[in-house]
Amino acid sequence: MSEYQYVERPLLTQLESMKWTVNDQGPGIPKDPTKSLRSEFREWLLKDVFLRQVRDINRTESDETWLTDSQLEQLYDDFTDFGTQKPLPANEECLSRLFKWQVDENTVTGEQDPVVKIIDFDNWDVNSFQAINQFRIDTPGGVKDFIIPDIVLFVNGIPLVVIECKEANGYASNPMHEAIEQLRRYEDLREDTIAAGLKEGEQRLFWTNQLVMA
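Everything in this summary refers to the structure shown in the same document. Just so it is clear, the structure is predicted and the values come from calculations on it, not from any experiment.

### A short note on the packing of aromatic side chains
Working step 1: One pass over the structure, following the stated rule, counts ten aromatic pairs.
Working step 2: Ring geometry for F99 versus F121: centroids 5.1 Å apart, planes at 15 degrees, classification stacked. Placement of the pair is F99 in helix α4 (residues 87-99) and F121 in the loop between β3 (115-116) and β4 (129-133), with a sequence separation of 22 residues.
Working step 3: Here F99 falls in the exposed class, since its relative accessible area comes to 56%.
Working step 4: A relative accessible area of 34% places F121 in the partly exposed class.
Working step 5: Each residue in the set W44, F50, Y76, F79, F82 and W207 is aromatic and connected to the rest through ring pairs, giving one cluster.
Working step 6: A cation sits over an aromatic face here: R38 above F135, 3.8 Å from the ring centre.
Working step 7: One cation-aromatic arrangement involves K47 over Y76; the distance from NZ or CZ to the ring centre is 4.9 Å.

### Here we look at unusual backbone geometry
Working step 1: The backbone of K19 shows a phi angle near 75 degrees, a positive value even though the residue is not glycine.
Working step 2: As for its position among the elements, K19 is in the loop between α1 (2-17) and β1 (21-23).
Working step 3: Although it is not a glycine, D63 adopts a positive phi angle of roughly 70 degrees.
Working step 4: Mapped onto the secondary structure, D63 falls in the loop between α2 (47-57) and α3 (69-78).

### Remarks on α3
Working step 1: All of the buried residues in α3 are Q71, L72, L75, Y76 and D78. Seen along its axis, α3 keeps its buried residues to an arc of 160 degrees; they face one direction. What points out from α3, more than 90 degrees from its buried face, is the exposed set D69 and S70.
Working step 2: On its buried side, α3 packs onto α2, α4, β2 (101-102) and β3.

### A word on the pattern of salt bridges
For side chains of opposite charge, pairing can occur when their charged atoms come near one another.
Working step 1: For the structure shown, the criterion picks out 16 salt bridges.
Working step 2: The shortest N-O distance in the salt bridge between R190 and E200 comes to 2.8 Å. With a gap of ten residues between them, R190 in the loop between α5 (175-186) and α6 (191-195) and E200 in the loop between α6 and β9 (211-213) connect regions that are remote in the sequence.
Working step 3: The class for R190 is partly exposed, based on a relative accessible area of 26%.
Working step 4: Sharing partners across several salt bridges, the network here consists of E181, R184, R190, E191 and E200.

### Side note on the side chain of S36
Working step 1: Within the secondary structure, S36 is located in the loop between β1 and α2.
Working step 2: For S36, a relative accessible area of 0% gives the class buried.
Working step 3: In terms of polar contacts, S36 uses its side chain to reach the backbone carbonyl oxygen of P33, at 2.9 Å.
Working step 4: Among the polar contacts listed, one links the side chain of S36 to the side chain of R38, at a separation of 2.8 Å.
Working step 5: Setting aside residues no more than four positions away along its own chain, S36 makes contact with Q25, L46, I132 and F135.

Rules of the game
- Residues numbered from 1 in each chain as written.
- Predicted model: local features only at pLDDT ≥ 70, side-chain atom pairs only at ≥ 80, totals over all residues.
- Heavy atoms only, no water.
- Phe/Tyr/Trp six-rings, centres within 6.5 Å; stacked < 30°, edge-to-face > 60°.
- Helix = DSSP H or I, 4+ residues; strand = E, 2+ residues; numbered from the N terminus.
- Buried < 20%, exposed > 50% of the residue type's maximum accessible area, 1.4 Å probe, protein only.
- Lys NZ or Arg CZ within 6 Å of the ring centre and 35° of its normal.
- Arc of directions from axis to C-beta.
- Contact = heavy atoms within 4.5 Å.
- Salt bridge = Lys/Arg side-chain N within 4 Å of Asp/Glu carboxyl O.
- Polar contact = N/O pair within 3.5 Å; in protein donor to acceptor, adjacent residues only side chain to side chain.

What follows is the structure, encoded as structure tokens:
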């Protein structure tokens, strides 16, 4: 509770002051995935937010949205499957797609192979900035049933930042080390666990991640 009170909640307050939309689930283990804008705890990308925002930021010169439902579903698939299960290649491919990705046609204007904005880098205020704490992801077959990163930051539904909060108190001799180890566990990067052939994290969360913070 003190970690939430002295580290997590103040950071959420700071994010709110910077115009992030905060979903504060409080301390404890989340039981309802809808409170974190998902239909189930296996999801790591906010699908409804992604579909809504990508549709809204892609407009014609006459200010019409032009992406079809089927194109949006394909784009969602493109940002949940990067053709590899390895974190670094997946992350590199994600970054490449963020800066340039295309669909088959703009059915409003007739343009072929138009470039799609996944994030509008020129007009920041049209994007969605969402901060969700206690972001539970279930990990069936893993060492534990789930992981719960303290705060995850999403832009247009895509998790770009994972933050682990630790309180410096008498119970933690090295809170920074503990936070880093926790993040390594979430990403399945701990050597002992890898050597034992065990799964303890959810690497998919880090396929799109651009910043890890302790």
